[in-house]
Amino acid sequence: MDIGGGYHYFPGFLDRDAQRGLLALIRAVLASAPLYTPLMPGSGRPMSVRMSNCGPWGWVTDRERGYRYQRRHPETGEEWPPMPGAIAALWAELCAYPAMAESCLINYYGARARMGLHRDQDEEDFSAPILSISLGDEALFRMGGPARKDPTRSLRLASGDLVLMTGAARSSYHGIDRIVPGSSALLEEGGRFNLTCRRVHGPDWPHEVPR
Ligand code: MD6
Ligand code: FE
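Summary of the structure given here.

1. As for the overall build of the protein
When its secondary structure is counted, the protein shows two helices and 13 strands. Since a compact globule built from 211 residues should have a radius of gyration of about 17 Å, the 16 Å found for the protein is in line with a globular shape. A principal-axis box enclosing the C-alpha atoms of the protein has dimensions of 40 × 40 × 35 Å. Burial statistics for the protein: of 211 residues in total, 53% are counted as buried. Expressed as a percentage of contacts within the protein between residues at least 6 apart in sequence, the contacts between residues at least 24 apart total 74%. Looking at the protein as shown, the accessible area adds up to about 9,500 Å², and 54% of this sits on carbon and sulfur atoms. Taken together, the 24 basic and 24 acidic charged side chains of the protein have centroids lying 7 Å from each other.

Here it is in structure tokens:
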């Protein structure tokens, strides 16, 4: 559903079985690439969200080197686990883009985690959309425009909802004001996973970088 500004919203796209299946795949990824606490560039302040990645490239941040994509987990030093086929299939189904996603960022929100208003701009190619998948507790998603001062709207994202950000929304400000603890029983520990699938390079970049 086109909700304007380049934002597309697919409420309840994943049924309960699909959510459980995806969650099991994410848990398997996290068994080899555990969640870590990212630090803000400069200040070194910890983010409240914990992160990991799958796919050939992972988005990371730390105090010294800031926001970037890299091939390896910052704590284990291992390459990121492969992107599960079910996630790649959602990208192929929903994103009109001639190449596969190269990165799936995994964000975990505990009860008090949030994500400030930001734009995703560490990728080379803004013609590719970003696909977001929500699992677990509901979240208040704030959606703005390309300028920080643009008016914002708020959407309550539930487990199984997808959001596609394309066109103007691809470079628009957005964030998570808060989650709604206890609003979903999908995660036994509570909280929320958000997966964002991205293209990092242009469409001609090899999907698997030669070693
Ligand atoms: C979240 N999402 O839903 C945060 N970024 O937890 C994002 O920051 C995001 O949903 C780029 C594209 C879609 C998103
Ligand atoms: Fe984002």
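2. Regarding the pairing of strand E13 (residues 192–198)
The element E13 is largely enclosed, with a buried count of seven among its seven residues. In E13, alternate side chains face the same way, and those of Arg-192, Asn-194, Thr-196 and Arg-198 on one face and Phe-193, Leu-195 and Cys-197 on the other are all buried. In the sheet, strand E6 (residues 103–109) pairs with E13 via seven bridges, with the strands oriented antiparallel. Within E13, the position partnered with Ile-106 by the bridge is Leu-195. Of the strand pairs in this sheet, strand E8 (residues 130–136) and E13 are connected by six bridges, and their pairing is antiparallel. Paired with Ser-134 across the two strands is Asn-194, which belongs to E13.

3. Regarding the site of ligand 1
Around ligand 1, a shell composed of Tyr-109, His-118, Asp-120, Ile-130, Ser-132, Phe-141, Met-165, His-174, Ile-176, Arg-192, Asn-194 and Thr-196 is seen. Take His-118: an N or O atom from its side chain is 3.1 Å from an oxygen atom of ligand 1. Side-chain polar atom of Arg-192 to an oxygen atom of ligand 1: 2.7 Å apart, as the coordinates give it. Compared with its free state, where it exposes 340 Å², ligand 1 has 99% of that area covered by protein.

4. With respect to the sheet that holds E6
Taken together, the seven strands give an open sheet; going across it, the order is E1-E2-E11-E8-E13-E6-E3, and neighbouring strands pair in antiparallel fashion. The sheet is open, and its two borders are formed by strand E1 (2–4) and strand E3 (50–54), each paired with just one other strand. When the angles between neighbouring strand axes are averaged without regard to direction, this sheet yields 20°. Sheet strands touched by helix H1 (residues 16–32): E3, E6, E8 and E13. Its angle to E13, the strand with the most contacts, is close to 80°.

Analysis parameters
Residues numbered from 1 in each chain as written. Chains lettered and ligands numbered in written order. Predicted model: local features only at pLDDT ≥ 70, side-chain atom pairs only at ≥ 80, totals over all residues. Heavy atoms only, no water. Helix = DSSP H or I, 4+ residues; strand = E, 2+ residues; numbered from the N terminus. Rg over C-alpha atoms; globule rule 2.2 N^0.38 Å. Buried < 20%, exposed > 50% of the residue type's maximum accessible area, 1.4 Å probe, protein only. Contact = heavy atoms within 4.5 Å. Areas by Shrake-Rupley, 256 points an atom, 1.4 Å probe, with all protein chains shown as cover. Lys, Arg positive; Asp, Glu negative; His and termini not counted. Charge placed at Lys NZ, Arg CZ, Asp CG, Glu CD. Pairing = 2+ DSSP bridges. Near = heavy atom within 4 Å. Polar contact = N/O pair within 3.5 Å; in protein donor to acceptor, adjacent residues only side chain to side chain. Axes fitted to C-alpha atoms, helices over the stretch in contact; angles between N-to-C directions.

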